[in-house]
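Each chain, written out:
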Amino acid sequence: QVQLLESGGGLVQAGGSLRLSCAASGSIFGIVAMAWYRQAPGKQRELVASIRSGGDTNYADSVKGRFTISRDNAKNTVYLQMNSLKPEDAAVYYCKVTGRWSEDWGQGTQVTVSS
């Protein structure tokens, strides 16, 4: 069974930084991509950033230039470095790992940004 362990969420002041981590463990057939999504109260879940097996990255326009997604293949861990945080970045952030024949989600980690 695949488990995604998320960490790094918390409370920060606007303009501050956080680094989220998501470590994947368990049986999975080849990781194709890893991604971060977020969902704020009253809003739909949205893709924040993704990184594919070849290293290609994708970012939501709202975070481009402020967030950086990276991956440590040896640890099956994906990171999201979040800089210049804004109150509108506050949400529950979810990790997703896509395998050849599977998708797995973490339970989410809360990010709160105070003004």
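These notes cover the structure that comes with them.

**Regarding the packing of aromatic side chains**
Evaluation of the coordinates by the stated rule reveals one aromatic pair. For the ring pair Tyr 37 and Trp 105, a centre distance of 4.9 Å and an interplane angle of 55° mean the geometry is tilted. One end of the pair, Tyr 37, is in strand β4 (residues 31-39); the other, Trp 105, is in strand β10 (residues 103-105), and 68 residues separate them in sequence. Of the residues examined, Tyr 37 reaches a relative accessible area of 15% and is grouped as buried. Geometry around Tyr 79 places Arg 19 over its ring, the cationic atom sitting 4.6 Å from the centre.

**Description of the state of the cysteines**
Going through the model one piece at a time under the given rule, you end up with one disulfide. The side chain of Cys 22 participates in a disulfide bridge whose partner is Cys 95; the two sulfur atoms lie 2.0 Å from each other. Here the disulfide of Cys 22 and Cys 95 is left-handed, its torsion about the S-S bond being about -85°. Linking Cys 22 in strand β3 (residues 18-25) with Cys 95 in strand β9 (residues 91-99), this pair joins segments that are 73 residues apart in sequence. The pair Cys 22 / Cys 95 is uniform in exposure class, with both members buried.

**Some words on the sheet that holds strand β8 (residues 77-82)**
With antiparallel pairing, the four strands of this open sheet are ordered in space as β1-β3-β8-β7. Two strands in the sheet have a free side with no partner beyond their single neighbour: β1 (3-7) and β7 (67-72). With direction set aside, neighbouring strand axes in the sheet form an average angle of 15°. Examined bridge by bridge, β7 and β8 share six bridges and lie antiparallel to one another. Across the sheet, Asp 72 pairs through a bridge with Thr 77, a residue of β8.

**Remarks on the pattern of salt bridges**
This structure, assessed with the given rule, holds four salt bridges. Residue Arg 38 is joined to Asp 89 by a salt bridge in which the shortest nitrogen-to-oxygen separation is 3.0 Å. Highlighted residues: Arg 38 in strand β4 and Asp 89 in the loop between β8 and β9, separated in sequence by 51 residues. In this pair, the class of Arg 38 matches that of Asp 89, namely buried. As a salt-bridge pair, Lys 96 and Glu 103 come within 4.0 Å of each other at their nearest N and O atoms. By relative accessible area, Lys 96 is classed as buried at 12%. A single salt-bridge network, built from bridges that share partners, covers Arg 38, Glu 46, Arg 66 and Asp 89.

What counts and how
- Numbers given for residues are sequential positions, taken from 1 along each chain in its written order.
- Side-chain atom pairs in this predicted model are given and counted only at pLDDT of 80 or more, local residue features only at pLDDT of at least 70, and totals for whole chains, interfaces and linings cover all residues.
- Side-chain measures here rest on the full set of heavy atoms in the structure, leaving out hydrogens and waters.
- The aromatic pairing rule takes the rings of Phe, Tyr and Trp, using the six-membered ring of Trp, and pairs them if the centres are within 6.5 Å, calling planes under 30 degrees apart stacked, those over 60 edge-to-face and the rest tilted.
- Under the DSSP-based scheme used, a helix requires at least four consecutive residues in state H or I and a strand at least two consecutive residues in state E, with every element numbered from the N terminus.
- Note on exposure labels: buried denotes an accessible area under 20% of the residue type's maximum, exposed denotes more than 50%, and partly exposed covers the range between, all computed with a 1.4 Å probe on protein chains only.
- Any Lys NZ or Arg CZ that is within 6 Å of a ring centre and within 35 degrees of that ring's normal is treated as a charge sitting over the ring.
- Note on disulfides: each one is a pair of cysteine sulfur atoms within 2.5 Å.
- Any two strands with at least two DSSP bridges between them are considered paired.
- Helix axes use the C-alpha atoms of the stretch in contact, all axes being lines fitted to C-alpha atoms, and the angles between their N-to-C directions lie in the range 0 to 180 degrees.
- A carboxyl oxygen of Asp or Glu within 4 Å of a side-chain nitrogen of Lys or Arg is what we treat as a salt bridge.

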